[in-house]
Amino acid sequence: MLNSVLDEAYERVRHTGPERDGWLSNHVPMAAEALVRHGHERAVHRWIDAYADRLEERPRGIRRIAADEWRDPLGDPVRTGDWLDLFDRELAGDPWRDVLARWWPRLLPGIAAGATHGVIRVGHAVRALLDAETAPRVTELGQGLAYWAARWQPLAPPGAGPYPGTDARSALDAVPRVPDQRFGIRSRLAQLADLDRWPAVAAAVPGDAADDVPTRLAAVVDAAVVRHGTHGYASPVMLVHAATAPNAVLRTLPALPPALWQPSLAAAWAATAAVTAAYAPAGARSLPPAAGPELDEVMARALDTGDAHAIKFIDTLSDAYARSGDPALLAVATRSVEQIAAD
């Protein structure tokens, strides 16, 4: 899908930074791609106008990151400008698929970067590039990769297994909760290492091993989407990432060598489990019996809220609905947008 509005949106924020106020993510590129995807091109520039006062200038580099010295500055947000410069050079010299394949296994262990926004931004950029390869989309991929590298954050390691397989919904039900949920995501994720059950849960990637990776990963996304409808009330915005992070990985698989698919599945599941452990409440709330309005209407409501997380969640939920046609997802969509808007 060649869409000049999306390229214009990328150009508008090309010289802005990936964060604001110290650590909050710049959501313009992700929300713009989702809005265009769902036929709201005319609203994109208006939405950016309303968001513009939250944008900050692109950070300047401190010193050049040499090609063979990337490990030391990995996860150092002070070097964000250097990472942006590095990926500008990388993508000027090699095709974007080659750059992605080179850096994906380096960045994947730090999938929690920026509360998973690093991988999510990359996933949106890759989906846009798979539709049409344009210069603004290539640049946006580089900025997403740079953000991921600058905020690279590994999770507590899983166990070695083997572990029994289970379906994704049951696997999410088995995720333990971190004991202290008073503070932000970095404080919560740090507690995973102290959870006795975390190694087993993180390593037990759900699904039948006989199924292919996209099928298993889609099941994780679908389970996280449904769970937002029943458990999202505790932290509607943050629990969105339990679904959008693995969906970003799923969207990226077609652009990756198949050898990287299995580790991508494992990392995506770990991210979903980690966000669930960090923010899920102790109990569920039942969904209303009514299916709710069609997704086009719910996306319009998400747009009306102005909230990027609502837009991105309905974008991911739309993928799940396309796979299953489950009318219960319409009820999830309505409830989740209402909860995110009120958060």
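Residues numbered from 1 in each chain as written. Predicted model: local features only at pLDDT ≥ 70, side-chain atom pairs only at ≥ 80, totals over all residues. Heavy atoms only, no water.

(A) Expanded view of the packing of helix 11 (residues 213-231) against helix 14 (residues 261-279). Running from N to C, helix 11 and helix 14 point in directions that differ by 15°, and their axes come no closer than 9 Å. The angle between helix 11 and helix 14 falls in the class roughly parallel. Crossing of helix 11 over helix 14 shows left-handed handedness. Packed against helix 11, whose contacting residues are V213, P214, R216, L217, V220, A224 and R227, the element helix 14 presents W261, Q262, L265, A268, W269, T272 and T276 at the interface. (Axes fitted to C-alpha atoms, helices over the stretch in contact; angles between N-to-C directions. Helix = DSSP H or I, 4+ residues; strand = E, 2+ residues; numbered from the N terminus. Parallel < 35°, antiparallel > 145°, perpendicular 65-115°, else oblique. Left-handed = near helix turned anticlockwise from the far one by under 90°. Contact = heavy atoms within 4.5 Å.)

(B) Structural view of unusual backbone geometry. The phi dihedral of D21 falls on the positive side, at around 55°, and the residue is not glycine. Tracing the backbone through its elements, the reader meets D21 in the loop between strand 1 (19-20) and strand 2 (24-25). On the basis of relative accessibility, which here comes to 55%, the residue D21 falls in the exposed class. Of note, the phi angle at A115 is positive, near 55°, even though the residue is not glycine. (Buried < 20%, exposed > 50% of the residue type's maximum accessible area, 1.4 Å probe, protein only.)

(C) How the structure looks around empty space enclosed by the protein. A complete count under the given rule lists four cavities of 30 Å³ or more for this structure. Together, L172, A224, R227, H228, H231, L239, A242, T276 and A280 line the largest cavity. Sorting elements by how many residues they give to the lining of the largest cavity places helix 11 first, with four residues. Classifying every residue of the lining of the largest cavity gives five nonpolar, three polar and one charged. (1 Å grid on protein atoms, 1.4 Å probe; cavity = no way out; pocket = protein on both sides within 12 Å on 5 of 7 lines; lining within 4 Å. Points joined across faces, edges and corners; volume = space filled by probe spheres on them. Nonpolar A, V, L, I, M, F, W, Y, C, P; charged D, E, K, R; others polar.)

(D) Quick look at the nonpolar core. If you look at the biggest cluster of nonpolar residues, it comprises 118 residues, and the most contacted ones within it are W47, W83, L100, W104, W148 and L192. At twelve residues, helix 14 tops the list of elements feeding residues into this core. In this structure W104 touches V119, V122, W148, V249, T252, L256, L260 and S264, once residues within four positions along its chain are discounted. (Core = buried A, V, L, I, M, F, W, Y, C linked by side-chain atoms within 4.5 Å.)

Any functional reading would require information beyond the geometric quantities listed.
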